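Architecture and fold: a report
So you can see what is in the structure, the chains are spelled out below.
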Amino acid sequence: MKFDILLGLQWGDEGKGKIVDVLGGNYDLIARFQGGPNAGHSIEFNNKKFILHLIPSGIFSPHTLNLIGNGVVIDPAVFRKEVESLGIPVEEAKKRLIISRKAHLILPGHRILDAAIESDKGCRKIGSTLRGIGPAYTDKVARNGLRAGDIFSADFEARYKKALGEHRRIAAMYNFSYDLSEYEAGWFEGIEMMRDFKIINSEYLVNNLLASGKKILAEGAQGTMLDVDFGSYPYVTSSNTISAGACTGLGIAPGHTGEVFGIFKAYCTRVGSGPFPTELEDDTGEYLRKKGAEFGSTTGRPRRCGWLDLPALKYAIMINGVTKLFLTKADVLTGLEKLKICTSYLCHGTETTEVPFDQDNEIIPVYTELEAWKEDISRFKNYNDLPASLKEFVAFIEKNTGLPVAIISTGPDRNQTIFR
Ligand code: GDP
Ligand code: IMO
Ligand code: MG
């Protein structure tokens, strides 16, 4: 049996949470494989909205198991708050949610270091969500991390204190002042809650499920252009957001990969700093931000908005081995006079369709114009009923990527989803 992967092809916030929730019931297990509470995955149904940061987006499907995989970094304080905000009794959540023993913990000191290091960057700030992600992955790779499985060890508190001492020493080097007491108390309450959840060697679980014919969907966080290897480094997150990350982040061999669902918005957004060739710092950008409610699900920051970037999209498709495309937020483009899609870049006067290495230099997008549509598409249920110009927009993407657009999302609600 193969496992499927759903991941973002842009700079995050493509609508992964919404679509994983829609598909959740078709799978036996939904597994997050990287990232941590920097993610904000929104789900809407029955006029209720939830934003998940750590818990996989299959949690609202009663018969689906959810796994926080070994590749994820967990902040226990966020975990506890999130479990309590689900509207699901904690006893029921314990049945639906499993944690890998090997998932690393975000320690309170990691949040302090995130803030200290970011404030020291001056004009080259990453725009981090300041959730401690970078320092937690740094400690993981430096072999100093504490893992979920460690919370049951007799020497857990001693190891925690040692790590905190080290983090305090580094923060002092940055002359960074902070007060940890309140946050630390919440963190330990989170640890207490985690002790009641199933924390297991999840690599055996996922492989046994696959061997017995069960269906698994790996849920990506962030997006390909924020990948630590292939994104716009250094303006990236600290994990592998790409399909290969699902193998290392869950313990599944690459040969077991089935479908790779690549999700993208009908335009682009980015939160935080870094290159964004098609960014619109004008009325159209403002229109997209307002109509698309483009404000960060985790930090509330306004998202930068711009036209769809085909070279970046094709790059992401290549890196991930995408088999099917899912298009979201097409409804946000309704009402614009003309639509633009970037089809190549001009770098130092030379036209290219490759994402350049040095994105600090000027990149001028070359655009193709397409007809827009005026209809409110959020009420449509069938592909055939969609406006002709939207179908042309979809056909243009399919022709240029060689992939089918299998889902078109026309609004934030579960029901606003068209399958083809
Ligand atoms: P994620 O991080 O990829 O899960 O995406 P976010 O939840 O951070 O951001 C996507 C935002 O767009 C959320 O507010 C969703 O509720 C919303 N959304 C998702 N799909 C659509 C869509 O097709 N149309 C509109 N208008 N909103 C959508
Ligand atoms: P989801 O899963 C959008 C961005 C931050 C910053 C950079 C590094 O909701 O799509 P970090 O906190 O990871 O050190 O920040 O990455 N970023 C995201 N942008 N969506 C996300 O997650 C993001 N997670 C991190 O804004 O630019
Ligand atoms: Mg998000």
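Relevant structure appears above.
Attention here is on the structure that accompanies the text. (Residues numbered from 1 in each chain as written. Chains lettered and ligands numbered in written order. Predicted model: local features only at pLDDT ≥ 70, side-chain atom pairs only at ≥ 80, totals over all residues. Heavy atoms only, no water.)

1. Re the pairing of strand β4 (residues 48-52)
Side chains on a regular strand alternate between the two faces of the sheet. For strand β3 (residues 41-45) and β4, the ladder comprises 5 bridges, and the chain directions are antiparallel. For Phe45, the partnering residue across the bridge sits in β4 and is Lys48. Turn length for the β3-β4 hairpin, with the two strands adjacent in sequence and antiparallel, is 2 residues, and the turn residue Asn46 shows positive phi of about 50°. (Pairing = 2+ DSSP bridges. Helix = DSSP H or I, 4+ residues; strand = E, 2+ residues; numbered from the N terminus.)

2. A short note on the pattern of salt bridges
Two side chains that carry opposite charge are able to pair once their charged atoms sit near each other. Here the structure, examined in full by the defined rule, presents 24 salt bridges. The closest approach of N and O atoms between Glu84 and Arg80, which form a salt bridge, is 3.5 Å. Remark: Arg80 and Glu84 occur in helix α2 (residues 76-84); sequence separation between them is 4 residues, near one turn of the helix. Accessibility expressed as a relative area gives 46% for Glu84, which makes it partly exposed. For Lys338, the salt bridge is made with Glu371, and the minimal N-O distance between the two is 2.9 Å. Here Lys338, found in strand β16 (residues 338-347), pairs with Glu371, found in strand β18 (residues 364-371); they are 33 residues apart in sequence, far enough to count as distant. Classification of Lys338 as partly exposed rests on a relative accessible area of 36%. (Salt bridge = Lys/Arg side-chain N within 4 Å of Asp/Glu carboxyl O. Buried < 20%, exposed > 50% of the residue type's maximum accessible area, 1.4 Å probe, protein only.)

3. Digging into the pairing of β16
Two elements, strand β14 (residues 308-309) and β16, share 2 bridges in a ladder whose sense is parallel. From the neighbouring strand, Leu308 faces β16, where its bridge partner is Ile341. In the sheet, β16 pairs with β18 via 8 bridges, with the strands oriented antiparallel. Note that in β18 the partner of Ile341 across the bridge is Thr368. Across 3 bridges, the pairing between β16 and strand β17 (residues 350-352) is antiparallel. Each residue of the ladder has a partner; that of Cys347, found in β17, is Thr350. In textbook terms, the turn of a hairpin is the stretch between consecutive antiparallel strands, and for β16 and β17 this stretch comprises 2 residues, one of which, His348, has a positive phi near 50°.

4. Observations concerning the coordination of the magnesium ion (ligand 3)
Ligation of the magnesium ion (ligand 3) by protein atoms is provided by Asp13 (OD) and Gly40 (O), these donors lying 2.1 to 2.2 Å from the ion. Of this pair, Asp13 sits in the loop between β1 (3-8) and α1 (16-24) while Gly40 sits in the loop between β2 (29-32) and β3, and the two are 27 residues apart along the sequence. (Donors = N, O, S within 2.8 Å, 3.2 Å for Na, K, Ca; no water.)

5. Considerations on the site of ligand 2
Lining the immediate environment of ligand 2, one finds 20 residues, of which Asp13, Lys16, His41, Thr129 and Thr237 sit closest. At a separation of 3.3 Å, an oxygen atom of ligand 2 approaches a polar backbone atom of Gly127. Isolated, ligand 2 exposes 550 Å² of accessible area, and the fraction of that covered by the protein chains is 97%. The residue makeup of the shell around ligand 2, split by class, is 7 nonpolar, 10 polar and 3 charged. (Near = heavy atom within 4 Å. Polar contact = N/O pair within 3.5 Å; in protein donor to acceptor, adjacent residues only side chain to side chain. Areas by Shrake-Rupley, 256 points an atom, 1.4 Å probe, with all protein chains shown as cover. Nonpolar A, V, L, I, M, F, W, Y, C, P; charged D, E, K, R; others polar.)

6. With respect to the side chain of Ser243
With respect to the secondary-structure elements, Ser243 resides in helix α9 (residues 243-248). Setting aside anything within four residues of it in sequence, one finds Ser243 in contact with Ile5, Leu7, Val260, Ile319 and Asn320. (Contact = heavy atoms within 4.5 Å.)

7. Some remarks on the site of ligand 1
Lining the immediate surroundings of ligand 1 are 21 residues, of which Gly40, Ser42, Ser297, Asp331 and Ser409 lie closest. At 3.1 Å, a backbone N or O of Glu14 approaches an oxygen atom of ligand 1. Lys16 places a polar main-chain atom, nitrogen or oxygen, 2.8 Å from an oxygen atom of ligand 1. Contact with the protein chains removes 95% of the 580 Å² of surface that ligand 1 exposes when unbound. Mapped by element, the contributors of at least two residues to the shell around ligand 1 are α1 and β3. Tallied by class, residues from the shell around ligand 1 come to 2 nonpolar, 10 polar and 9 charged.

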